[in-house]
Amino acid sequence: MQYYQARAGKVPGTDLKEIFKRAKKIYDAICGRSKRRAHIRSKYFKKQKIFLGLFWHHIDDKLNRADKIRRLKCLPCALDVIQNSCLVPEIRKNPNKNSEILYRFRGKTPNGELFVVQIKENIKTDEKFFISVYPE
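Every value quoted in this text rests on a predicted model; they were computed, and no experiment measured them.

Counting secondary structure elements, the protein chain contains four helices and seven strands. Moving toward the C terminus, one meets the helices and strands of the protein chain in the order β-α-β-β-α-α-α-β-β-β-β. Taking 14 Å as the expected radius of gyration for a compact globule of 136 residues, we find that the protein chain reaches 14 Å, a close match to that expectation. Expressed as lengths along the three principal axes of its C-alpha atoms, the size of the protein chain is roughly 40 × 35 × 30 Å. Within the protein chain, counting contacts between residues at least 6 apart in sequence, those at least 24 apart form 55% of the total.

Here it is as C-alpha cells:
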C-alpha cells in the first residue's frame, strides 16, 4: 500500500480542550472561504468539493476522550492528504448502504506516523464527505 507524505504536521498538545481549540481554528479558516458549507477541493477527485461538516458530527459521537484526541490531532495531515494526494485509495461499497462508496486514503505525517483518511461518496447526489481520520 502506498502512503502520501503529508507536509502538514499534527496538532500539538495533550489536552482535549487545547487540541479541539486548535483544530476548530483550522476548520474555521476553511469555513471563512465559503459562504455556504465548508469544503476543500481534492486533486484525486479532479477538484471536486469534499464537504467537512460530517467530520465534526462524527467526532461528537465518539464517547472516548482519548479517541477524540487521536483523531483531532491528525486533522491538518488529513486535509493535506485530501487536497494534494493523487494516489489511488482503497475503494469499497458501504456494507450498510448500497448508495454509498467509501474511500480510504493512507498518509504519513512528517514524523513518520501512519494514518487513514475516510471519505464517503453518495452515489445518487455525487457528493463527497470527509468522515474520519485515525492513526493506523
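Below, the discussion takes up the pairing of strand β4 (residues 90-93). On a regular strand, each side chain points to the face opposite its neighbour's, so the side chains alternate between the two faces of the sheet. The sheet contact formed by β4 and strand β5 (residues 100-108) spans four bridges and is antiparallel. Considered in β5, the bridge of R92 is made with L102. Joining the antiparallel neighbours β4 and β5 is a turn of six residues.

Let us now look at the nonpolar core. Most often, soluble globular proteins keep nonpolar side chains buried together rather than apart. The biggest cluster of nonpolar side chains holds 33 residues, and the ones touching the most others in it are F55, L72, F115, V117, F130 and V133. Taken together, the elements giving at least two residues each to this core come down to α1 (16-31), α2 (53-61), α3 (65-73), α4 (75-84), β5, β6 (114-122) and β7 (127-135). Among residues more than four places away in sequence, those in contact with F130 are I50, F51, L52, L54, F55, L75, A78, I82, V117, Q118 and I119.

Here we take up the environment of I82. If you trace the backbone, I82 turns up in helix α4. When the C-alpha atoms of I82 and Y27 are compared, they prove to be 14 Å apart, with 55 residues separating the residues in sequence. Once residues lying within four places of it in the same chain are set aside, the contact partners of I82 are I40, R41, S42, K43, I50, V117, I119 and F130.

The next thing to look at is α2. Within α2 the residues assigned to the buried category are F55, W56 and I59. Projected down its long axis, α2 carries its buried residues within an arc of 95°, all on one side. When the buried face of α2 is taken as reference, the exposed residues oriented beyond 90 degrees from it are H57, D60 and D61. Looking at the packing, one finds that the buried side of α2 touches α1, α3, α4 and β7.

What follows covers the side chain of T109. Of note, T109 is situated in the loop between β5 and β6. In this structure, T109 is in contact with Q5, A6, K10, C77 and F115, ignoring residues within four places of it in sequence.

The phi torsion at K46 lies on the positive side, around 55°, for a residue other than glycine. Checked against the element boundaries, K46 lands in the loop between β2 (39-42) and β3 (48-51). By relative accessible area, which is 74% here, K46 ends up exposed. If you check the backbone angles, D126 has positive phi at about 60° while not being a glycine. Among the residues examined, D126 registers a relative accessible area of 40% and is labelled partly exposed.

So, how was this worked out
- Residues numbered from 1 in each chain as written.
- Predicted model: local features only at pLDDT ≥ 70, side-chain atom pairs only at ≥ 80, totals over all residues.
- Heavy atoms only, no water.
- Helix = DSSP H or I, 4+ residues; strand = E, 2+ residues; numbered from the N terminus.
- Rg over C-alpha atoms; globule rule 2.2 N^0.38 Å.
- Contact = heavy atoms within 4.5 Å.
- Pairing = 2+ DSSP bridges.
- Core = buried A, V, L, I, M, F, W, Y, C linked by side-chain atoms within 4.5 Å.
- Buried < 20%, exposed > 50% of the residue type's maximum accessible area, 1.4 Å probe, protein only.
- Arc of directions from axis to C-beta.

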